[in-house]
Structure formats: C-alpha cells, structure tokens
Amino acid sequence: MANGLGGVTYETVGPGYFAARGLRRHAGVLALWALGVGAVISGHFSGWNLGLATGGWGGLFVATLAITVMYLGLAFSIAEMSAALPHTGAAYSFARSAMGPWGGFLTGLCENVEYVLAPAVIVSFIGAYVGTIVGLPTAWQPAIWVVAYLVFVGLNVHGVAMTFRVTVVVTLAALACLVGFWASAWPVSDFGRWALDIAAGPDGKPVQLPEGQGPFLPFGAMGVLASLPYAVWLFLAIEELPLAAEESLDPRRDLPRGLVLGIATLILSAFLTLWLNSAIAGGAFRLSTSAEPLLDGFKAIYGDGIGRLLAVVAALGLIASFHTIIFAQGRQIYSLSRAGYFPRVLSVTHGQRKTPHLAMVAGAAVGLAIMIVVWAVLGPERGTVVISGMLLNMVVFGAMLSYILQCLAFVVLRRRMGHVPRPYRSPFGVPGAVVTIAIALVTLGFQLADPVYRAGVIGVAVWFAVGIAYFALVGRHRLVLSPEERFATSGGRGAYDAASQ
C-alpha cells in the first residue's frame, strides 16, 4: 500500500506478524516511577559537578533552575502525549503523528543515539568503580564491560516482571544512598566556606579561594549559560518512561502519574545534591574536576579508610541507570523495527518471556562494539577519554534534539488532533512546550561552542547519515501498519485498541 506522505510504502503482513512481536503488561505506577527515576539517578552521582568549573556554585544553581523548567515542560508535554498515544514508540510515535514518517524517523533516530550510547558511557563508569573496588588493572576494563552487559541484558531478557522488580530495588537502593549522604552532610556543611570557594582568575579560569565566601556568580551570566549542558545530567533520560506504554497495566492513567512523581523526585534530589555535595570539606573547587563527586563527598565526611565500601555504595546509581536504559534501548529499537523503519527481525520478541530480546542484544552489541573498537584503536588512556567524553556528548546532543522535536510534536498535535481523547492534559500547555524548546536550543548552542562537544556532534552526524541512508534506500519502502503507524494514518481516530495488539 503506497502512501504519498513522505514517499513511504506500507506492506501487508499476516496475522502472525504481531503475534510474534507481543509484549506483556505488568508495570504499575511504582514500577514506572522507578523506571524514570532509575534512568536518571546516575547523573546525581557524577557529571553535574563539572558545571561548577564553568559557572561556580551560583552559576550552576541558576542553570539548574533553567534546566528544571525545561524538563518540567518536557515531562508534562510527554505525559499528555503518552496518555493520548499509549504506544511503545513514545517519541517516535508522537513525532510520527505530528510530522509524518520522516519526522517520526528522525526523532526516533535522535533517541536511538541516546539509548544505544548512554549504557556504553555508564558501563565505562561502572568499570572504573569495579576496578577500584576489586583492584583490577586497567587492561581488564573491557572484560568488566562485557560481564555487565551480559548480566543486565540477561535480566531484561528474562521477563518484564524481573526487569521491573530489579528496577524498583536498584532505584530505591540508589535513592537510599543519596538520602544517607544528605543526612551525613547536613550537620557538617558550611555553605559559604565550601560551596563559594570559586572565583574567576585573570585568565577567566576558576581559582580556589582558601577561605571561601566568594561571589555567587563568579563568571557572571555567561557562566550560567555555559553550565546548562552539565545541569542536564540531573534529569537526562526521564523521557524514556513512555517507552513502557505497552507493558503498563493502565498506560492512560499510570504513565502521567509515573512521570509527574518521577520529575518531582528528581527535582528534590537534584537540588539537595547540588547544595550538600558542594557545601562540605573540599568544596566546590575540588568537586569541579572530580570524576566521583558523591564518593569524594562520602570520603570528606568519613575519611578514606572505607573507600572501597563507599565505592560500592556510590556505584548503585550507575547500576540503576545502566539497567533501566537497557530496557529503554530495547523498546526503542523494537518500536522502530516493528513499524519497518529498522530491520523487522529486531522486533521479534521472546516466545515465552515476551521481551524484545533481539532488539536489546543488537543495541547492546553496537554500544559494546563501539567501546571496544575505540579502546583497541586509541589505547586505554585515550580511549577512556573518548568513551567518557565524546560518546557522552553524543548522548546529550541526541537527547536535546529529541526534546525539541517532541515538544514541537506536542504543539502540532494540540492544533491538528484536538479530537484525540486526552486523559491527562499538561498544566503548562503549549507555552510550556515552547519554553522547553527555547531552553533546549540555548543549551545546544552552548554545547556547540565547546570543542569537546563539537566532536560529539560529528559523531551524531555520522550516526544520522547511516540511519537516513538505510531508511531512504530500504526502510521507507517496507513500513508496516504498527500501532503507531495506524494511529498516525487514521488521524488518531479509534487507534487506542491497536496498542493492545
């Protein structure tokens, strides 16, 4: 069946096509909340602190306020869309209905960069922690990565019930670790002495003030803007939650609740971590270059003598995010494959477990292969920098592009598909989505101003070139009327039942 919109063609598939691609409903509000929070929580353990070097504590604080506004707009927009379009495709599904096949595919490709590479970056951090705990030499890092992927892809393949049980446990454990840190840091914190120990030197670079009491905005307004990309790590990946739509018991009710509770949890955790991790001995200046800020915070309170035990505790956040983003990776590839944008075989689910095992294995294999090639070609030292630097920047860049496209889809759907039932409506409406787009554009601009980030942009461009070439030459001629496609081609009328195929 040809469809002139976007130059795509739909092929008729037999009844067995969707039977071989079934998912199993299991998740309630608690599991969905844990999925969203768990995906993000590693960013509260590390990454955010690098913004202290660009803006000082005050600059990063104001940047975090702006990014909080951006994610509130995003979260409420996708809460409305996920309840109206309860399909596993999530971002791709929203954009497909609003902007046609090419818009849907490009939005899905943005998320694909994020969800394939984010676990790779996180597992590199896990490897570093495990090396510290066990005392393994650097040469063993690839072996740790392989084992971690095998374990957590295996848990996700085992079944959706197992996936969500592990998700709830590791997310609660990571939050308990943070709560323990806040309770420990509060009595010994000295905000003026430690959080404000950064000033701008003659060359514009941060210098340490031995007694603290420095300016709130040592680098002025430009410091705030330069800190925006780092504040993103406090919320990055909350948007994965709608990917669980077809495994949610009641997606129209529970997805919005999970998203709202998740963003509320993350806002509280983000500001407590920003405040207390910076306000203890060692201060913001030392923390601004730390690869393990929470671990360094624990050591500042309890000393270095229990370093290995603290490293185990601090690794919980990384494990939570690694596990939950592998879930998202599998569902994201599955949805694009089921509709024919990616090779269809990747959407076949496990006969007994009803999990998208081929999609998860394929995504994990690509991420792991990229890591090992980089490691082998560049060597351990330079390879580590590229994995934790350029790949990380590719993740952020892909995410920002997807936010812009998702909020644009929200605006278009409000105007063109007003007839579609919306069990939940964003309290911020179109203005909230527009503000999110504006902040995301500014954040992208400051990513591009950084040479390190520009290297990641080149990587995203290559990823896009490969994906677009495949879709243009093959995928667009072999699309299937999956739930997402049926919703879009029917104008949103009577399409909810398709999500239950």
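Refer to the preceding data block for the structure.
Predicted model, so just to flag it, every value in this text is computed and none were measured.

Caption draft 1: Structural view of empty space enclosed by the protein. According to the stated counting rule, one finds 2 cavities of 30 Å³ or more in the structure shown. Taken as a whole, the largest cavity encloses approximately 70 Å³ of empty space. Ala39, Trp233, Leu236, Ala237 and Ile325 are, among the 14 residues lining the largest cavity, the residues nearest its centre. For the lining of the largest cavity, the secondary-structure elements that each account for two or more residues are α2 (29–40), α4 (91–134) and α13 (316–338). A per-class count over the lining of the largest cavity returns 10 nonpolar, 3 polar and 1 charged. Forming the walls of the second largest cavity are Glu80, Met81, Ala84, Leu85, Phe410, Leu413, Arg414, Met417, Val420, Arg422 and Phe487. Put simply, the parts of the chain that give the lining of the second largest cavity at least two residues each are α3 (52–84) and α15 (390–416). In terms of residue class, the lining of the second largest cavity is made up of 8 nonpolar, no polar and 3 charged.

Caption draft 2: Up close: the layout of surface pockets. Reported here for the largest pocket is a volume of approximately 820 Å³. For the largest pocket, the lining is made up of 36 residues, of which Leu50, Phe125, Ala291, Ser388 and Leu392 are closest to its centre. Of all the secondary structure elements, the ones that give two or more residues to the lining of the largest pocket are α4, α5 (141–158), α14 (357–388), α15 and α17 (451–473). Counting residues per element, the lining of the largest pocket draws most heavily on α4, at 7 residues. Broken down by class, the residue content of the lining of the largest pocket amounts to 18 nonpolar, 16 polar and 2 charged. There is about 350 Å³ of room inside the second largest pocket.

Caption draft 3: Broad picture of the packing of α4 against α14. At a minimum axis separation of 9 Å, α4 and α14 run at an interaxial angle of 45°. For the element pair α4 / α14, the angle class is oblique. By crossing handedness, the relation of α4 to α14 is classed as right-handed. Here α4 contributes Val116, Leu117, Ala120, Val121, Val123, Ser124 and Phe125 to the contact with α14, which in turn contributes Gly363, Val366, Gly367, Ile370, Met371, Ile387 and Ser388. When grouped by side-chain class, the residues that make up the contact of α4 with α14 number 10 nonpolar, 4 polar and no charged.

Caption draft 4: Structural detail: the nonpolar core. Ranked by internal contacts, the top residues of the largest apolar core, which has 153 residues, are Ile41, Ile67, Tyr71, Tyr149, Phe322 and Met400. Broken down by element, this core gets its largest block of residues, 17 residues, from α4. Contact partners of Met400, with chain neighbours within four places excluded, come to Met70, Tyr71, Val232, Ala440, Thr443, Leu444 and Gln447.

Caption draft 5: Structural view of the pattern of salt bridges. Tallied over the full model, the rule gives 10 salt bridges. In this structure, Arg344 and Glu11 form a salt bridge, with 2.6 Å as the shortest nitrogen-oxygen distance. Of the two residues, Arg344 sits in the loop between α13 and α14 while Glu11 sits in the loop between β2 (8–9) and α1 (16–19), which places them 333 residues apart along the sequence. Classification of Arg344 as buried rests on a relative accessible area of 13%. Overall, Glu11 belongs to the partly exposed group, its relative accessible area being 33%. The closest approach of N and O atoms between Arg96 and Glu485, which form a salt bridge, is 2.8 Å. Residue Arg96 is located in helix α4, and its partner Glu485 is located in helix α18 (residues 483–489); the two are separated by 389 residues in the primary sequence. You can call Arg96 buried: its relative accessible area is 3%. By relative accessible area, which is 0% here, Glu485 ends up buried. Here the salt bridges share partners, and the residues they tie into one network are Glu80, Arg414 and Arg422.

Caption draft 6: Broad picture of the packing of helix α8 (residues 220–231) against helix α16 (residues 429–448). At a closest axis distance of 8 Å, the pairing of α8 and α16 adopts a crossing angle of 90°. Judged by the inter-axis angle, α8 sits roughly perpendicular to α16. In contact with Met222, Leu225, Ala226, Leu228 and Pro229 of α8, α16 contributes Val442, Thr443, Phe446 and Gln447. For the contact of α8 with α16, the class distribution of residues is 7 nonpolar, 2 polar and no charged.

Caption draft 7: Inspection of the packing of aromatic side chains at higher detail. Applying the stated criterion across every chain, the model contains 22 aromatic pairs. Arranged with centres 4.8 Å apart and planes meeting at 75°, the rings of Trp102 and Phe471 form a pair that is edge-to-face. One end of the pair, Trp102, is in helix α4; the other, Phe471, is in helix α17, with 369 residues separating them in the sequence. On the basis of relative accessible area, Trp102 is assigned to the partly exposed category, the value being 28%.

About the criteria used
Residues numbered from 1 in each chain as written. Predicted model: local features only at pLDDT ≥ 70, side-chain atom pairs only at ≥ 80, totals over all residues. Heavy atoms only, no water. 1 Å grid on protein atoms, 1.4 Å probe; cavity = no way out; pocket = protein on both sides within 12 Å on 5 of 7 lines; lining within 4 Å. Points joined across faces, edges and corners; volume = space filled by probe spheres on them. Helix = DSSP H or I, 4+ residues; strand = E, 2+ residues; numbered from the N terminus. Nonpolar A, V, L, I, M, F, W, Y, C, P; charged D, E, K, R; others polar. Axes fitted to C-alpha atoms, helices over the stretch in contact; angles between N-to-C directions. Parallel < 35°, antiparallel > 145°, perpendicular 65-115°, else oblique. Left-handed = near helix turned anticlockwise from the far one by under 90°. Contact = heavy atoms within 4.5 Å. Core = buried A, V, L, I, M, F, W, Y, C linked by side-chain atoms within 4.5 Å. Buried < 20%, exposed > 50% of the residue type's maximum accessible area, 1.4 Å probe, protein only. Salt bridge = Lys/Arg side-chain N within 4 Å of Asp/Glu carboxyl O. Phe/Tyr/Trp six-rings, centres within 6.5 Å; stacked < 30°, edge-to-face > 60°.

Everything listed here is a matter of coordinates, which is why it stays silent on function.
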